[in-house]
2 protein chains.
Amino acid sequence: MYTRMSSRTWRAGLAGCLAWALALAGRRAAADEGMWPFNAPPVDRIARDHGVRITAGWLDHLQRSSVRFNTGGSGAFVSATGLVLTNHHVGADAIHKLGDAEHDYLRDGFAAPTAAAELQCHDLELNVLVSIEDVTARVRRAVPEEATPDEAFEARRAVLAEIERESLAATGLRSDVVTLYQGGAYHLHRSKRYTDVRLVFAPEQQIAFYGGDPDNFEFPRYDLDVCFFRAYEDGRPARVDRHLVWADVGVREGDTVFVSGHPGHTDRGATIAELVSLRDRRLPLDLRLLTRREAVIRAYALRGPEEKRQATQDLRGVENGRKARGGVLAGLLDPRIMETRRRAEAELRQGFGEPSEPAAPFARIERAQAALDATLERERLLEGEAAFDSEYFRNARTILRAVTERAKPSGQRLREYRDSNRGPLELRLLSEKRIHDAFEIVKLTDSLTLLATSLGGDDPLVTAVLAGRSPADRAATLVAGTELGRRAGMPTRPDRRRELYDGGEEAVNASSDPMLGLARLVDAEARRLRALAESADEEQKQAHAEIVRARHAREGAAMYPDATFTLRLAVGSVRGVRAEGRECGAITTFGGLFARAVEKQNVPPFDLPPRWRAAGEALRGDAEFMATPLNFASTADIIGGNSGSPVVNAAGQLVGVIFDGNIHSLVLDVAYDDVLARAVAVDARGIRAALSRVYGARWLLDELAAAGERSGALDSER
Amino acid sequence: MYTRMSSRTWRAGLAGCLAWALALAGRRAAADEGMWPFNAPPVDRIARDHGVRITAGWLDHLQRSSVRFNTGGSGAFVSATGLVLTNHHVGADAIHKLGDAEHDYLRDGFAAPTAAAELQCHDLELNVLVSIEDVTARVRRAVPEEATPDEAFEARRAVLAEIERESLAATGLRSDVVTLYQGGAYHLHRSKRYTDVRLVFAPEQQIAFYGGDPDNFEFPRYDLDVCFFRAYEDGRPARVDRHLVWADVGVREGDTVFVSGHPGHTDRGATIAELVSLRDRRLPLDLRLLTRREAVIRAYALRGPEEKRQATQDLRGVENGRKARGGVLAGLLDPRIMETRRRAEAELRQGFGEPSEPAAPFARIERAQAALDATLERERLLEGEAAFDSEYFRNARTILRAVTERAKPSGQRLREYRDSNRGPLELRLLSEKRIHDAFEIVKLTDSLTLLATSLGGDDPLVTAVLAGRSPADRAATLVAGTELGRRAGMPTRPDRRRELYDGGEEAVNASSDPMLGLARLVDAEARRLRALAESADEEQKQAHAEIVRARHAREGAAMYPDATFTLRLAVGSVRGVRAEGRECGAITTFGGLFARAVEKQNVPPFDLPPRWRAAGEALRGDAEFMATPLNFASTADIIGGNSGSPVVNAAGQLVGVIFDGNIHSLVLDVAYDDVLARAVAVDARGIRAALSRVYGARWLLDELAAAGERSGALDSER
């Protein structure tokens, strides 16, 4: 699954640029490399390589039809009344939160043939990028030349907050300043927010994620990984001025396709010091935490059907994270890849004086990396919350920090508490989703145990946190005593989130909520570790900016920045790949799906949901249906966060929805490849055929057809 | 599951005694504490507490009916023609190895109504303890008073090997000198070996391990965790002179029961330094390795039905290990338990002079522990083979070391290569079980990745091991190239184990087998780490012996040694327990089993095998069957390795088979408890009822009935 990896576990602190990535990879740019900002697309190169010249109007239409999900994925408007198409796994978090002991929409699917039947989601936010403004000059001016890293950090934090505050006040739009090229540029992104989002249609998770963990990040694939939401405004379906229409003709092998979505994070600009840390420290730690969590969550899920329902989303997440990180690590452990990058960096370094010169940017990055690594595990535990895996704890910390930070000027606050982030923060904090205490206790027990074993059972912080109890006793006491969430099955238990959040420091200080007490106990140390990390990050940022500017000046090549979970355009060709020793075509079909179920004896995770088993029987003789494309592969440059990205043809018409990359695509984190790496999409034809022949969702097909009549997409020039 | 934890991951180096454990726990001995050697049972105490005076004849009969499994469990003869009853999970390893792509005996069960149909197992060895001889004086004499730890280690190793060699030569019996009370005593155990063992009957794993991981280490329980093997001699069923007969009357609440089995390892004599290491280092490392392995193996198992079959045993093992170690860790993380032991140790230390005195035994143990901890992870990786998780690698190392060690006098060899261990070693090395290459590659890839991330990707040993390849490439190359095992599905590929093993150093040196090359590459460093660990162990052993001798002299109390996977007797009462807030009785029934399946909606792991679903329907109205006892709980003092132990009544008749302890029993590793901890057994009545009513195994019931007529058990006196 190509959702964005959590920023809590991935340091967004590594910069990059095309020219550099090429130099590091030590080879010519592959034609389709690049995740391009919409205000700087490589128009000429695309025209040269693909014979398609995209226009400003084409780009604008695609940009304003594209949607970002706050759960870490992408999507697109597909009707004038706010219908949004995305991946099932991007919507799964929201779908899961709508369920309860009686309703398992993930397992059973969901369909709302009328607006009244659509289900309002908890804390789901959609963003549509309205404009991009380059504010680099203003940011540069605000930071004095002679500033130390800490001073630069403070000055930059202040000016970014000010720009965002002004923009929000002037336009009412969500306003985020995005750091590109690691300080090479700063862009102000203004986005329209939709916070009333409703579920329209979802298939069963078992067909959306057919093949489960074994087939995840593989190709060929057979997944109907889609679902539909609808954005609302003022209680009515939103009237959106742009949306994508379904292509009349589907893709064929060799076709040019474009992907518009939000790749989350890449490390293509990382230096060897950063890559070694990723290989030897960060990814191993991630994998350690993920496999541990996987064991704990799975053990809970096995307790019974209801526990399985509660845990299913968390489980998918850790499985996916394990496989994704494992793939990146595998790339970094390939000595040939590292050797190539090492040689390329050695060449690059020559432009910056002796490598031992302390001020040289590579040496500064290495020093800062050592500082980051020294506190990595402790920071992840205490600030990253790996030691306090609990919804209640997250609420407690958010409330505690919100009231403290609110007392400061916006420009001096921790980033997530800035005025411009207030809306999204409150959406998350005050979510109406239900919390399951038994599951909370299991997760908190294990994460407190992790804390104790990581720091040692006699560490003073550990003994203070455990307060003389075993991890299990302490977790049970904390969960039983807190009032910072909405408890599943206990409607009469008070929920004091709003009261404390609105009450400010006085109310919070007076509260004896035990989870708030725990958040308070560890807050100073957690903040100290965060400050250390932010300072080292800033040092790296400045060094990276220096490298990037020098290369910019010297080479002047067209450059794209590392992914930052902002809207990007990628281009590629529909193309198959060699897998497990044999060539396989770019396009799979429904017939292939049913054949795979037979081959795997219908054993989970290769079992078909009842509706699909029945359809397989009924349509067995329907050669046209069986030959209908279900998924296809292309060479587009994507990464986690691109899940749900619309795939369009040269005419800007929808031909598919990205949902995954193959296992070789995971190394795209570090360097682009079009030999083995592939982006994988659900084919638009497969979506329509499934809606029609399996789900009988005529009402939804009618809306899509009507959308096609009312909005002709702008053509690019060929 | 109460199989023995692997000695590869548990250091057998912590001593103990009853009196000391009591002192450390800071409370009076609970009546049923103790895992007693058969040559030193607490006859008077049992008579006082239970009103049963056991006799020498009664003990001898039980001892010679008891069986040890080399897979880490216990069992008992139940007929004169070598029929052995044990747990299904003790036999599962052997049952699994009998399967192939067409036969899944774990899933489907197995029944051999005739001798001809019984299946001969691969590398399964049963031992029956014939005699115990105290050789403490001879061992003491062999070690000079003024010896350094390393000299003492060498001297002791030599004399132990000599005693074993002499005994084997004189009697032909397996001869092992067992270290008890951590050097307080040395006993020579002579055992009869059975290496031709055949499978007679096994139910489906899904009823043997009903409730799976969630119910493992829990009570109430509903598991038919039994299977039957038969020992053969000279190609015919073995004529055994002692066996247990089925009790005429089953157990009731409050009854006295005895357990005869092989508890694997306890830490009741551990000092605080050792417990802290266990809590902060050893158990966390174990859990880290286990959860990682669990994720890798489960991902492989999900690939398809055949992969699931291949992986199922490994998966059960890691799940069980995770839950077992998690339980011990939970106990150690309870500050109240540690505080009690800390106070008790402080009192004890006063008898040994100032705690800072370097020669004081507690300080010596602490120093040695620090030395052990310093190399713990590296030793586990290289000597413990966590970095080379491959059957082929294990064979390669065994061959490499066997030919090297064979050139030395037996007393100077690594323990497992002594002459007295030759039989068991060859049984394992030359096993006919099939190895699955795809599974090997997955496990080896992950363990090589672990090596690289643990030592760092640029560590010289890592780059030498990987030889310029990624872990996945390297693993694939090693597995494809080696000829040190019998390959599943490739009967024509050569298998050079025997050839190299017999060929000695010359043949091995000439071999270019890549796996042998890997074993050779890491051997010096692995041996160095092992020698360091053995030296520190020896230092601890001497210090423990000093503590134990002093307490022996001072208190003279009846003592039992920490568990050592040797035959022990435990006594207890059939008793229920408070679980999840309510009292539950000591005995569960078939009715309870079917009710649980309904409560859990028959969702795995709470699904019933088809045969049991049918039986549930057919016997729904049969109140007598539904009321038949299936499992029962008692206060007997057991630990991992006791799985499959016969439970007998005062008359020495079989009333059940131990298969598990509840979650609170895991802390028995550290201290006995009869408030919350319970041993859990399959009730003999449930076994017979299932054989009769569900499996229609009249032939097996007839053999058991005949066994009852031919061998009257010796009565104890009441």
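## A short note on the overall build of chain A
Per the secondary structure count, chain A includes 25 helices and 23 strands. Here the C-alpha atoms of chain A give a radius of gyration of 25 Å, agreeing with the 27 Å that 2.2 N^0.38 yields for 718 residues. If one aligns the C-alpha atoms of chain A with their principal axes, the spans along those axes are about 70 × 65 × 50 Å. Taking all 718 residues of chain A together, the buried fraction comes to 57%. Considering only intrachain contacts with a sequence separation of at least 6, the fraction spanning at least 24 residues in chain A is 78%.

## A closer look at the sheet that holds strand S13 (residues 256-261) of chain A
Residue and element names in this part refer to chain A. Across the sheet, eight strands lie side by side as S1-S16-S13-S21-S22-S23-S20-S19; this open sheet has antiparallel pairing. Of all strands in the sheet, those with a lone pairing partner are strand S1 (36-37) and strand S19 (587-589), marking the two edges. Packed onto the sheet, helix H21 (residues 590-599) meets S19 and strand S20 (629-634) and runs at close to 65° relative to S19. Contacts from helix H24 (residues 684-694) reach S20, strand S22 (654-661) and strand S23 (679-683) within the one sheet, and its direction differs from that of S23 by about 35°.

## Comments concerning the interface of chain B and chain A
On the chain A side, the residues contacting the 37 residues of chain B number 37 residues. Tallying contributions element by element places helix H10 (residues 272-301) of chain B first for the side of chain B that touches chain A, with 10 residues. Across the side of chain B that touches chain A, the residue classes tally to 17 nonpolar, 10 polar and 10 charged.

## Examining the sheet that holds strand S16 (residues 568-573) of chain B
What links the strands of a sheet is backbone hydrogen bonding, and the strands pair in either a parallel or an antiparallel sense. Residues and elements named next belong to chain B. Strand order in the open sheet made by the eight strands is S1-S16-S13-S21-S22-S23-S20-S19, with antiparallel pairing throughout. Each having just a single partner strand, strand S1 (36-37) and strand S19 (587-589) make up the two edges of the open sheet. Note: strand S20 (residues 629-634) against strand S23 (residues 679-683), four bridges, orientation antiparallel. Directly across from Phe632, in S23, lies its bridge partner Ala681. Most of the contacts of helix H22 (residues 590-599) go to S19, to which it runs at about 65°, and overall it touches S19 and S20.

## Focus on the packing of helix H17 (residues 437-455) of chain B against helix H19 (residues 471-481) of chain B
Residue and element names in this part refer to chain B. In contact at an axis separation of 8 Å, H17 and H19 are set at 135° when each is read in the N-to-C sense. Relative to H19, H17 is oriented oblique. Considering how the two elements wind past one another, H17 and H19 form a crossing that is right-handed. Here Asp437, Glu440, Ile441, Leu444, Thr445, Leu448, Thr449 and Ala452 of H17 lie close against H19, whose contacting residues are Pro471, Ala472, Arg474, Ala475, Ala476, Leu478 and Val479. The class makeup of the residues in the contact of H17 with H19 is 10 nonpolar, two polar and three charged.

## Some remarks on helix H4 (residues 88-97) of chain A
With respect to burial, H4 of chain A is a largely interior element, nine of its 10 residues being buried. Among all positions of H4 of chain A, only His88, His89, Val90, Gly91, Ala92, Asp93, Ala94, Ile95 and His96 of chain A are buried.

## Points about the pairing of S23 of chain A
Residue and element names in this part refer to chain A. For S23, a buried count of five out of five residues is recorded, marking the element as mostly surrounded by other parts of the structure. In terms of strand pairing, S22 meets S23 through five bridges, oriented antiparallel. Following the sheet pairing, Gly661 is matched in S23 by Ala679.

## Remarks on the relation of the copies chain B and chain A
Between the two copies of the chain lies a rotation about an axis combined with a shift along it. Least-squares fitting of chain B to chain A yields an RMSD of 0.0 Å, with the transformation described by 0.0 Å of translation along the axis and a rotation of 180°. Such a combination of turn and shift is consistent with a two-fold rotation axis. It is Thr291 of chain B whose C-alpha, among those of chain B, lies nearest the rotation axis, at 2.9 Å. In this assembly the copies share their binding face: 100% of the residues contributing to the interface of chain B also contribute to that of chain A.

## Describing the packing of helix H14 (residues 391-406) of chain A against helix H19 (residues 497-510) of chain A
Residue and element names in this part refer to chain A. For the pair H14 and H19, the least separation of the axes is 8 Å and the interaxial angle reads 50°. Our classification of the angle between H14 and H19 gives oblique. For the pair H14 and H19, the sense of crossing is right-handed. Residue-level contacts link Asn395, Ile399, Leu400, Ala402, Val403 and Thr404 of H14 to Arg497, Leu500, Tyr501, Gly504, Glu505 and Val508 of H19.

## Things to note about unusual backbone geometry
All names here are of chain A. Going from Phe219 to Pro220, the amide bond is cis rather than trans, its omega being 5°. On the secondary structure map, Pro220 appears in the loop between helix H9 (212-215) and strand S11 (227-233). Each neighbour pair has its own omega, and for Pro604 with Pro605 the value is 5°, a cis peptide bond. By the element assignment, Pro605 lies in the loop between H21 and helix H22 (610-618).

## Topic: the environment of Ile399 of chain A
Residue and element names in this part refer to chain A. With respect to the helices and strands, the residue Ile399 is situated in helix H14. A residue is classified by how many C-beta atoms lie within 10 Å of it, and Ile399, with 27 of them, is buried. Once the C-alpha coordinates of Ile399 and Ala650 are considered, the two residues, 251 residues apart in sequence, prove to be 48 Å apart. Setting aside anything within four residues of it in sequence, one finds Ile399 in contact with Leu484, Arg497, Leu500, Tyr501, Val508 and Leu516.

## Some remarks on the pairing of strand S2 (residues 66-69) of chain A
When a strand is regular, its side chains alternate between the sheet's two faces. All names here are of chain A. Side-chain alternation along S2 places Ser66 and Arg68 on one buried face and Val67 and Phe69 on a second face that is also buried. Pairing geometry for S2 and strand S3 (residues 73-77), over four bridges, is antiparallel. Looking at the pairing, Phe69 lines up with Gly73 of S3. From the end of S2 to the start of S3, which pair antiparallel, there are three residues, and Gly72 there has a positive phi angle of about 105°. Sheet analysis places S2 next to strand S7 (residues 126-134), joined by two bridges and oriented antiparallel.

## A word on helix H3 (residues 56-65) of chain B
Those residues of H3 of chain B lying buried are Trp58, Leu59, His61, Leu62 and Ser65 of chain B. One side of H3 of chain B carries all its buried residues, which in axial view fall inside an arc of 165°.

## Quick notes on the nonpolar core
Of all hydrophobic cores here, the largest spans 390 residues; its most connected members are Val84, Ala396 and Ile399 of chain A together with Val84, Ala396 and Ile399 of chain B. When residues of this core are assigned to domains, at least three map to each of domain 1 (18-125 + 195-268 + 562-710) and domain 2 (371-560) of chain B. Residues contacting Ala396 of chain A, with those up to four places away along its chain left out, are Leu484, Asp513, Met515, Leu516, Leu518 and Ala519 of chain A.

## Remarks on the environment of Val670 of chain B
Residues and elements named next belong to chain B. Within the secondary structure layout, Val670 lies in the loop between strand S22 (654-661) and S23. Judged by local crowding, Val670 falls into the buried class, with 24 C-beta atoms found within 10 Å. Put simply, Val670 and Val648 are 22 residues apart on the chain and 26 Å apart in space, counted from C-alpha to C-alpha. In this structure, Val670 is in contact with Asp267, Arg268, Val328, Gly331 and Leu332, ignoring residues within four places of it in sequence.

## As for the confidence of the model for chain A
Residues and elements named next belong to chain A. Mean pLDDT over chain A stands at 91; residues scoring 70 or higher make up 93%. Considering only residues more than four positions removed or in separate chains, one finds that residues 6-29, a stretch of pLDDT under 50, has 59 contacts. Two summary scores accompany this predicted model of the complex, namely pTM at 0.90 and ipTM at 0.89.

## Describing the environment of Arg165 of chain A
All names here are of chain A. Its place among the elements puts Arg165 in helix H7 (residues 149-171). Assessed through the 17 C-beta atoms surrounding it within 10 Å, Arg165 is described here as partly exposed. Separated by 254 residues in sequence, Arg165 and Asp419 place their C-alpha atoms 6.7 Å apart. Apart from residues no more than four positions distant in its own chain, Arg165 is found in contact with Ser410, Asp419 and Ser420.

So, how was this worked out
- Per chain, residue numbering runs from 1 following the sequence as it is written.
- Following the order in which they are written, the chains are lettered starting with A and the ligands numbered starting with 1.
- Totals for whole chains, interfaces and linings use every residue, but because this is a predicted model, local features are given only for residues with pLDDT of at least 70 and side-chain atom pairs only at 80 or more, for both listing and counting.
- Runs of H or I in DSSP of at least four residues are treated as helices and runs of E of at least two as strands, each being numbered from the N terminus.
- Put simply, the radius of gyration uses C-alpha atoms, and a globule should come to 2.2 Å times the residue count raised to 0.38.
- Labels follow a simple rule on C-beta atoms placed from the backbone: if 20 or more others lie within 10 Å of a residue's own, it is buried; if 12 or fewer, it is exposed; otherwise it is partly exposed.
- For the purpose of contact definition, each residue receives a C-beta atom placed from its backbone, and two residues are in contact when these atoms lie within 7 Å.
- Should DSSP find at least two bridges between two strands, the strands are regarded as paired.
- Each axis is a line fitted through C-alpha atoms, taken for helices only over the stretch in contact, and angles between the N-to-C directions span 0 to 180 degrees.
- Classification used: nonpolar for Ala, Val, Leu, Ile, Met, Phe, Trp, Tyr, Cys and Pro, charged for Asp, Glu, Lys and Arg, polar for all others including Gly.
- Between 65 and 115 degrees an angle is taken as roughly perpendicular, under 35 as roughly parallel, over 145 as roughly antiparallel, and anywhere else as oblique.
- Take the far helix as your reference; a near helix turned counterclockwise from it by less than a right angle gives a left-handed crossing, and one turned clockwise gives a right-handed crossing.
- In this comparison the copies share one frame, found by least squares on the C-alpha atoms of residues holding pLDDT of at least 70 in both.
- For this quantity, the arc is that covered by the directions from the helix axis to the C-beta atoms.
- For the purposes of this analysis, a nonpolar core is taken to be any set of buried Ala, Val, Leu, Ile, Met, Phe, Trp, Tyr and Cys residues that are connected through C-beta atoms within 7 Å.
- Delimitation of the domains relies on an automatic or database domain assignment.
- Each residue gets a pLDDT score, which is the predictor's confidence in that residue and runs from 0 to 100.

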